[in-house]
Amino acid sequence: MCGIVGYVGPKSCGDLLVDGLRRLEYRGYDSAGLAVHDGKEIRVVRSVGKLGNLVSALKERPLAGAPGIGHTRWATHGRPSETNAHPHVAGGIALVHNGIIENHLHLKRQLMEQGVKFSSDTDTEIVAHLVEREVRAGHKLLEAVRRALAVVEGAYAVAVLHKDEPDRIVIAKNASPLVIGLGEGETYCASDIPAILPYTRTMVLLEEGEIALLTAGGVEITTLKGERVDRKPKTITWNAAQAEKSGYKHFMLKEIHEQPRAIEDTMRGRIDLEKWDIIDSEIGIDAAAAADVKRVYFIACGTSFHASLFGRYLVESLSGLPATCELASELVVRDPVVGPGDLVVAVSQSGETIDTLAALKAAKDRGARILALANVLDSAIPRAAHGSLYTHAGPEIGVASTKCFTAQLAAMVLLAVYLGRRRNVLSTDRAREVLQGMLEVPHRMRDVLSQDDSLRDLARKFQHAKSFLFLGRGVSFPIAVEGALKLKEISYIHAEGYAAGEMKHGPIALIDENMPVVVVMPRDRTYEKTLSNLQEVKAREGRTLALATRGDAEVGAIADHVFYLPKVDAMLTPFITSLPLQLLAYYVADFKGTDVDQPRNLAKTVTVE
Ligand code: F6R
């Protein structure tokens, strides 16, 4: 999730582009760069790290002129470095990109066979070379970009300059956002509204599969197939703070709603739809090593630990391997029996958690193979691991993890299917069921998120409770525990997550008419038993909220409140059941007026033991 900004008009645009990038830093910030046409040629300045580094580099090498494009990067392919920073240059072309090119390996191989030399490890540079090839073949920039994108599969928003056409920027989009801002004799573009809001409130949103020619006089939009598009500009009424959160009140709420996209991006380019398999190069452990694994050992903290609990179910069920799950801070204080034959999966959205890093080192010293599962490219945990499997959730700003959690769940499905296939224990039919189910998950998630209002109503009813209990069995157990953690983190209400079968062994003593009990009970093989637990809670006057599958009349007759969920494969219900619990926590906290995005005493990256 990178940030793009562009300007064409009479002003010298260096400072304006930096200003736009500053407003987009929340989209990612491991490197940044500008390309500006100075009237004769395109000049580029790039730097690694925060935007301040680019500002320093621009003091030494100022860029004057227009048009110009800028980019702030959140790495997905190729580590954060100056050579991997955008804009990427090929001949007279400079290009910035946000998204993931799925067929990058294939395209790169083709271009190399044609003699193209690459100077970065990015998928983006491939698109720059594709455009340049078309320009060399005699096409004008607009047509060249259209032709180049015809062979590109994946998600992208691109903005492109050409040395010989100094009055224009060409932009195009498929699945990654781009907005166009219309000024008086000047035109802007950006990944998101806040970047250009100080300059204009008149905006046109580019839609999927569209390409636009920006000049100082305005914009001409066509589809990638060449059909003309007439779209009326909108006037944006948000203030700057609202715009940064896309109009949501908090980053956490925005990130909850970004989950379908985070799952799509995490799966993008990794599934072979013909063989119903996972593409080898995408998992961080090669096929031979995968076939040799004897046990999978997840290590993690907090929310990542809850994702790992789900990972254990997946690995056992889909790969037939024994799997275990350990809190990183506990592993280091024992004499863990871990070593050769173990695949230790260190799960961490930040990739920097010191406890997880310490546990990783302990396991590595004992001879285990380490796979990092992280959201931040080239962070400490991936660097210390033998291989990495990245989630592509984009930067998460709310301290309480939401989209990184469900993206971790998605990565674990890919890993479990991969291990199952390489060990020849997972049939193509079952792999197809699971992967097809995964491809439908984002749609089912959107269905749940569209019922946001009814969760706010439920939260209003429960906001004054002093303590909550969350119950679930099987794959719903990790979700119950995670639901309790979300609630306590941001609303400061005490909450416990329990395996439903454990209720009778203790927590049942807590239940009375003041105690809300949230029961996660989609229709799966644990359903009947969990239904009995629900009855036990009701018999003790507990206030119940059940999450159940649509059409489940039995639950409706027992629970005080039911939130109905769309049906998905029984193994994949956590993607769906997580969402109402995140929204419940969010709205309870918002009613209480807590600092949702930065709850007290918590930090996004925990680098103390
Ligand atoms: C809770 C949360 C934390 C983190 C934990 C580990 O919402 O985000 O519990 O999951 O601190 O962090 P990572 O995943 O960065 O290792």
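Keep in mind that this is a model prediction, so the values were computed, not measured.

Asks: A description of the pattern of salt bridges should follow, citing residues and the corresponding values.
Replies: A full pass over the atoms with the stated rule returns 37 salt bridges. R23 serves as the salt-bridge partner of D19, at 2.8 Å between the closest nitrogen and oxygen. Of this pair, D19 and R23 both sit in helix α1 (residues 14–24), 4 residues apart, roughly one helical turn. Between R136 and E132 there is a salt bridge; the shortest N-O distance is 3.1 Å. Of the two residues, R136 and E132 are both situated in helix α4 (residues 124–136); the distance of 4 residues between them amounts to about one turn of the helix. On the basis of relative accessibility, which here comes to 59%, the residue R136 falls in the exposed class. A relative accessible area of 16% places E132 in the buried class. When salt bridges that share partners are traced, they join E102, D265 and R268 into one network.

Asks: Can you explain the packing of aromatic side chains? Please cite residues and give values.
Replies: Enumeration over the complete set of coordinates arrives at 6 aromatic pairs. Ring geometry for F310 versus F575: centroids 6.2 Å apart, planes at 85°, classification edge-to-face. You can see F310 sitting in helix α10 (residues 302–319) and its partner F575 sitting in helix α20 (residues 573–592), a full 265 residues away along the chain. Taking relative accessible area as the criterion, F310 reaches 0% and is therefore assigned buried. Grouped by ring-pair contacts, the aromatic residues Y7, Y188 and Y199 constitute a single cluster. Its guanidinium or amino end placed over the ring of F118, K108 lies 4.8 Å from that ring's centre, counting from NZ or CZ. When the ring centre of Y492 is taken as reference, the NZ or CZ atom of R600 above it lies at 3.8 Å.

Asks: Talk me through the packing of helix α15 (residues 428–449) against α20; I want residue IDs and the actual numbers.
Replies: It is at 9 Å that the axes of α15 and α20 come closest, and there the two elements cross at 25°. In terms of orientation, α15 lies roughly parallel with respect to α20. Relative to α20, α15 is oriented so that their crossing is right-handed. Where α15 approaches α20, its residues M438, V441, R444, M445, V448 and L449 are matched on the opposing element by F575, I576, L579, P580 and L583. In terms of residue class, the contact of α15 with α20 is made up of 10 nonpolar, no polar and 1 charged.

Asks: Just give me the short version of the site of the ligand, but keep the residues and values in it.
Replies: What surrounds the ligand is a group of 14 residues, the closest being S304, S348, Q349, S350 and T353. Between an oxygen atom of the ligand and a side-chain N or O atom of S348, the distance comes to 2.6 Å. Here an oxygen atom of the ligand and a backbone polar atom of S401 are 2.9 Å apart. Protein contacts shield 91% of the accessible area of the ligand, which totals 400 Å² for the unbound molecule. The set of elements that each furnish at least two residues to the shell around the ligand consists of α10 and α17 (476–491). Class assignment of the residues belonging to the shell around the ligand gives a composition of 4 nonpolar, 8 polar and 2 charged.

Asks: Now, about the packing of helix α16 (residues 452–462) against α20: what can you tell me, with residues and values included?
Replies: The contact between α16 and α20 brings their axes to 8 Å, and the two run at 55°. In terms of orientation, α16 lies oblique with respect to α20. As α16 runs across α20, the sense of the crossing is right-handed. Listed contacts from α20 to D452, L455, R456, L458, A459 and R460 of α16 are P580, L583, L584, Y587, V588 and F591. Residue classes in the contact of α16 with α20 are distributed as 9 nonpolar, no polar and 3 charged.

Asks: I'd like a rundown of the sheet that holds strand β21 (residues 369–374), residues and numbers included.
Replies: Spatial ordering of the open sheet is given by β19-β18-β20-β21-β22, a layout of 5 strands whose pairing is parallel. Looking at the sheet topology across the chains shown, the edges are occupied by β19 (323–327) and β22 (387–390). Put simply, the sheet's adjacent strands are angled 25° from each other on average, direction ignored.

Asks: Would you mind going over the side chain of S176 in detail, with residue names and values included?
Replies: Relative to the helices and strands, S176 is located in the loop between β8 (169–174) and β9 (179–182). With relative accessibility at 6%, the residue S176 sits in the buried group. Each residue touching S176, except ones within four places of it in the same chain, is listed here: N98, G99, A155, Y156 and A157.

Conventions and cut-offs
Residues numbered from 1 in each chain as written. Predicted model: local features only at pLDDT ≥ 70, side-chain atom pairs only at ≥ 80, totals over all residues. Heavy atoms only, no water. Salt bridge = Lys/Arg side-chain N within 4 Å of Asp/Glu carboxyl O. Helix = DSSP H or I, 4+ residues; strand = E, 2+ residues; numbered from the N terminus. Buried < 20%, exposed > 50% of the residue type's maximum accessible area, 1.4 Å probe, protein only. Phe/Tyr/Trp six-rings, centres within 6.5 Å; stacked < 30°, edge-to-face > 60°. Lys NZ or Arg CZ within 6 Å of the ring centre and 35° of its normal. Axes fitted to C-alpha atoms, helices over the stretch in contact; angles between N-to-C directions. Parallel < 35°, antiparallel > 145°, perpendicular 65-115°, else oblique. Left-handed = near helix turned anticlockwise from the far one by under 90°. Contact = heavy atoms within 4.5 Å. Nonpolar A, V, L, I, M, F, W, Y, C, P; charged D, E, K, R; others polar. Near = heavy atom within 4 Å. Polar contact = N/O pair within 3.5 Å; in protein donor to acceptor, adjacent residues only side chain to side chain. Areas by Shrake-Rupley, 256 points an atom, 1.4 Å probe, with all protein chains shown as cover. Pairing = 2+ DSSP bridges.

None of this, on its own, says anything about what the molecule does.
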